[in-house]
Amino acid sequence: MKSLSTLQIALGVSVAAHAALLTVRIVDPEAFNRVFQDTPLEVVLVNARTTERPDKAQAIAQATLAGGGEAARGRATSPLPPSALSSIGDSSEEAQKRIETMQEQQMLMLAQVKQMLAAMPPADPRQPATNPEAQAREERRRQLVKLLAEIERRINEENARPKKRYISPATREETYAVYYDTLRRRIEDRGTHNFPEASGQKLYGELTMIVTVNHDGRVLATEVVETSGNPTLDRRAQTIARAAGPFGAFTTAMRRRADQIVVVSRFKFTRDETLETKLTSR
């Protein structure tokens, strides 16, 4: 074979360099960053610390904790509902059912923790305090007692708080429908007979109001959540709703489910000088 010329060597190097460049992938740096930006960061706080390292860590936390979750799949989390959390919207009925389900799970967890504590063997005073098995068992007992106290505290808080029932167009219970119909008629009659006016002029318009009624029929609160644009009309509408009460005590069936009902209603003061109200999800 003839020796390669300088030109041939240069062409070979050029072809190899271009082939290498063709294997390089150009990526949008912004799209690449979004891969990390859209990834959620899970933060886990643990309420105890142990010197024993877990065999198979499932999360990063601020302290080492062996045990504390015996769910068959993943970490066990508390089903306790957030305290004093309420929502108004299309999903009020679904939210109510979720809260009831979480409360049932809360009671189930309480029973399970008590059962686990009862199944643990009592402390043996004959075993030395430095025994690793005894230390691990006592640490586990302390964790369960702490969890038990937290669940009981949350249950007591929930029991002390008035139970509210949100009445919306999705409400199906007959007992609530009958009560709301009485409430609606009383408010509409009051608003029609005492139609709002200012300086001799009738006030017309629409607004959305939340009315909270206690179990004895008293109106506890009124709140305009969507104004008519006229502050005077908004205030008169609230006065009408409060003056229409009391609406009568809750029935036994209602009382079992709630201490208070919350009604979200659209108030319409028409040109016919009548008040029309309609349940709404907003």
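Residues numbered from 1 in each chain as written. Predicted model: local features only at pLDDT ≥ 70, side-chain atom pairs only at ≥ 80, totals over all residues. Heavy atoms only, no water.

**Let's talk about the packing of aromatic side chains**
- Taken as a whole, this structure holds three aromatic pairs when the rule is applied.
- Ring centres of phenylalanine 195 and phenylalanine 269 lie 5.7 Å apart, and the angle between their planes is 80°; on these two criteria the pair is classed as edge-to-face. You can see phenylalanine 195 sitting in the loop between helix 5 (174–193) and strand 2 (197–198) and its partner phenylalanine 269 sitting in strand 6 (residues 260–269), a full 74 residues away along the chain.
- Classification of phenylalanine 195 by relative accessible area gives buried; the value is 8%. (Phe/Tyr/Trp six-rings, centres within 6.5 Å; stacked < 30°, edge-to-face > 60°. Helix = DSSP H or I, 4+ residues; strand = E, 2+ residues; numbered from the N terminus. Buried < 20%, exposed > 50% of the residue type's maximum accessible area, 1.4 Å probe, protein only.)

**A few points about the side chain of threonine 222**
- Note on placement: threonine 222 falls in strand 5 (residues 219–226).
- Here arginine 242 takes part through its side chain, which lies 3.0 Å from a polar atom of the side chain of threonine 222.
- Sequence-distant contacts of threonine 222, that is, excluding residues within four places in its chain, are made with Met209, Ile210, Val211, Gln238, Ala241 and Arg242. (Polar contact = N/O pair within 3.5 Å; in protein donor to acceptor, adjacent residues only side chain to side chain. Contact = heavy atoms within 4.5 Å.)

**Focus: the pattern of salt bridges**
- Considering all chains together, one arrives at nine salt bridges under this definition.
- Aspartate 181 is the partner of arginine 184 in a salt bridge, and the nearest nitrogen-oxygen pair spans 2.7 Å. In this pair, arginine 184 and aspartate 181 both sit in helix 5, three residues apart, roughly one turn of the helix.
- Glutamate 197 is paired through a salt bridge with lysine 202; the nearest N and O atoms lie 3.1 Å apart. (Salt bridge = Lys/Arg side-chain N within 4 Å of Asp/Glu carboxyl O.)

**Some words on the pairing of strand 6**
- Counting buried residues along strand 6, eight of its 10 residues qualify, which places the element largely inside the surrounding structure.
- Two strands pair when backbone bridges link them, and strand 1 (residues 164–167) and strand 6 are joined in this way by four bridges, in the parallel orientation. Pairing of arginine 165 across the sheet is with isoleucine 261, part of strand 6.
- Bridging between strand 4 (residues 205–214) and strand 6 involves 10 bridges; their strand directions are antiparallel. Looking at strand 6, one finds that valine 213 is bridged to isoleucine 261.
- Examined bridge by bridge, strand 6 and strand 7 (residues 275–279) share five bridges and lie antiparallel to one another. Residue pairing in the sheet places phenylalanine 267 in a bridge with threonine 277 of strand 7. (Pairing = 2+ DSSP bridges.)

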